[in-house]
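The residues making up each chain are set out below.
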Amino acid sequence: MSALLVTNDDGIDSPGLHALAAVAIEEGLEVVIAAPSTQSSGSSASITGAEADGRIHMEPRTIAGLEIPCFAVRAAPALIALIASHGAFGSAPDLVLSGVNRGANIGRAILHSGTVGAALTAGANGARGLAVSLDVGMDPDTCHWTAAAEAARVLLRGVLDAPPGTVLNLNVPNAADAGSRPLRAATLAPFGIVQTTAAEHGEGEVRLTVADLTGEQDPRSDAALLVAGHPTLTSITGIGETAPPAGLSAE
């Protein structure tokens, strides 16, 4: 039986985490939840959480309706994925499911996402990773967590059959029927759901601002396809080698 770790960056109490775990259980997979004890959004692939002596604190939790091992961990999601690969929660996972994140993770800004960071860390350590996010916007009336989890369900067996190191990024519109909509392969947009800029410079400080993206998006991109109502799927990679620019090669 394939072993799965379910984590996130919104914390152990997130309903998106619970919905994703429930789908994996229903698929007959061996599931463990290990998620940050507190909000860890924007943590990227950070491995913060270890104490000075190297210990990482965790405590068992009970989550209603989920009769599986659950742990609240004082660590960023990437560190949780890393220690899971070394048997911290039982068998090393074949797949790390990360999410369902509250908010889309699209474009090159996924570099900063704790949700995506956990999936990439899994891929770098011999497993597969699937990051799942729900495009809820800033102030949603309802979050359709189950729709995002159902979209992920379609991918589970295929991801498990994929080579170790495979990492996928799934974004789902916040709609009740989004889980049954066809997935669309997507490129990464130049930015994320918003663009961050350093708008003001003062003595000893810089003020950051965020603004909605303007202008037309590449119709093949995750940003454009998600706005059009399509669940998007992008195969992503972490750190790797490439040839140096001409004139900078070394022996």
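Cut-offs used in this document
Residues numbered from 1 in each chain as written. Predicted model: local features only at pLDDT ≥ 70, side-chain atom pairs only at ≥ 80, totals over all residues. Heavy atoms only, no water. Core = buried A, V, L, I, M, F, W, Y, C linked by side-chain atoms within 4.5 Å. Buried < 20%, exposed > 50% of the residue type's maximum accessible area, 1.4 Å probe, protein only. Helix = DSSP H or I, 4+ residues; strand = E, 2+ residues; numbered from the N terminus. Contact = heavy atoms within 4.5 Å. Axes fitted to C-alpha atoms, helices over the stretch in contact; angles between N-to-C directions. Parallel < 35°, antiparallel > 145°, perpendicular 65-115°, else oblique. Left-handed = near helix turned anticlockwise from the far one by under 90°. Salt bridge = Lys/Arg side-chain N within 4 Å of Asp/Glu carboxyl O. Phe/Tyr/Trp six-rings, centres within 6.5 Å; stacked < 30°, edge-to-face > 60°. Expected span 1.5 Å × (residues − 1). Polar contact = N/O pair within 3.5 Å; in protein donor to acceptor, adjacent residues only side chain to side chain. Pairing = 2+ DSSP bridges. Right-handed = clockwise from strand over helix to strand, strands pointing away.

Asker: What is the right way to look at the nonpolar core in this model?
Answerer: Note on soluble globular proteins: their nonpolar side chains tend to be buried together. Within the largest apolar cluster, 42 residues are counted, with the highest numbers of intra-cluster contacts made by Leu-4, Ile-33, Leu-97, Leu-130 and Leu-170. Elements represented by at least two residues in this core include exactly strand S1 (3-7), helix H1 (15-26), strand S2 (30-36), strand S4 (70-73), strand S5 (95-102), strand S6 (128-135), helix H4 (145-161) and strand S7 (167-173). Examining the composition of this core, we find that ten residues originate from one element, H4, more than from any other. In contact with Leu-130, not counting residues within four places along its chain, are Leu-95, Val-96, Leu-97, Ser-98, Ala-119, Ala-152, Leu-155, Leu-168 and Leu-170. Formed by 14 residues, the second largest nonpolar core is a distinct cluster that contains Leu-5, Ile-83, Phe-89 and Val-96.

Asker: How should the side chain of Ser-40 be read in this particular structure?
Answerer: The residue Ser-40 is located in the loop between S2 and strand S3 (58-60) in this model. Judged by its relative accessible area of 12%, Ser-40 is buried.

Asker: Explanation requested: the packing of helix H2 (residues 77-84) against helix H3 (residues 114-124) in the structure shown.
Answerer: Between H2 and H3, whose axes approach to 7 Å, the crossing angle comes to 20°. With respect to H3, the axis of H2 lies roughly parallel. With respect to the hand of their crossing, H2 and H3 are arranged in right-handed fashion. Across from Pro-77, Ala-78, Ala-81 and Leu-82 in H2, the residues of H3 making contact are Gly-114, Gly-117, Ala-118, Thr-121 and Ala-122.

Asker: Help me out: how do you make sense of the pattern of salt bridges in this one?
Answerer: Two side chains bearing opposite charge may form a pair once their charged atoms approach each other closely. Enumeration over the complete set of coordinates arrives at eight salt bridges. In this structure, the salt-bridge partner of Glu-27 is Arg-153, at a minimum N-O distance of 2.8 Å. With a gap of 126 residues between them, Glu-27 in the loop between H1 and S2 and Arg-153 in helix H4 connect regions that are remote in the sequence. Exposure remark for Glu-27: the relative accessible area of 23% places this residue in the partly exposed category. Across the pair Glu-59 and Arg-61 runs a salt bridge, and its minimum N-O distance is 3.1 Å. Judged by relative accessible area, Arg-61 falls into the partly exposed class, the value being 28%. A cluster of three or more residues bridged by salt bridges with shared partners is formed by Glu-26, Glu-27, Glu-150 and Arg-153.

Asker: Any chance you could explain the packing of aromatic side chains here in plain terms?
Answerer: Under the definition given, this model contains one aromatic pair. Taking 5.5 Å as the distance between ring centres and 40° as the angle between the ring planes, the aromatic pair formed by Phe-71 and Phe-89 counts as tilted. Of the two residues, Phe-71 is situated in strand S4 and Phe-89 in the loop between H2 and S5; the sequence distance between them amounts to 18 residues. Given a relative accessible area of 12%, Phe-89 falls into the buried group.

Asker: What's the story with H1 in this structure? I'm lost.
Answerer: Helical geometry: 3.6 residues make up each α-helical turn, so side chains three or four residues apart lie on a common side. Along its twelve residues, H1 runs 17 Å from first to last C-alpha, staying within 8% of the 16 Å computed at 1.5 Å per residue. For H1, every residue scored as buried is listed here: Gly-16, Leu-17, Ala-19, Leu-20, Ala-21, Val-23 and Ala-24. In the core, the buried residues of H1 are packed alongside S1, S2, S5, S6 and H4. Measuring from the backbone nitrogen of Gly-16 back to the side-chain oxygen at the start of H1 gives 3.2 Å, which picks out Ser-14 as the cap.

Asker: I keep staring at the pairing of S7 and nothing clicks. Help me out?
Answerer: The two faces of the sheet receive side chains in turn, since in a regular strand these alternate between them. Of all seven residues that make up S7, seven are buried, and the element is covered over most of its length. Of the two faces of S7, both are covered, the one formed by Val-167, Asn-169, Asn-171 and Pro-173 as well as the one formed by Leu-168, Leu-170 and Val-172. Across seven bridges, S6 lies against S7 in parallel orientation. In the strand pairing of S7, Ala-131 is matched with Asn-169.

Asker: I'm lost on the pairing of S1 in this one. Help?
Answerer: Burial analysis of S1 places five of its five residues in the buried class, the great majority of the element. Because side chains alternate across S1, one face comprises the buried residues Ala-3, Leu-5 and Thr-7, and the other comprises Leu-4 and Val-6, equally buried. Sheet topology note: the S1/S2 ladder contains four bridges and is parallel. Residue pairing across strands places Val-6 opposite Ile-33, the latter belonging to S2. Between the parallel pair S1 and S2, the chain is carried across by H1, and the sense of this crossover is right-handed. Here S1 runs beside S5; their pairing, made up of four bridges, is parallel. Bridge pairing links Thr-7 to Ser-98 in S5.

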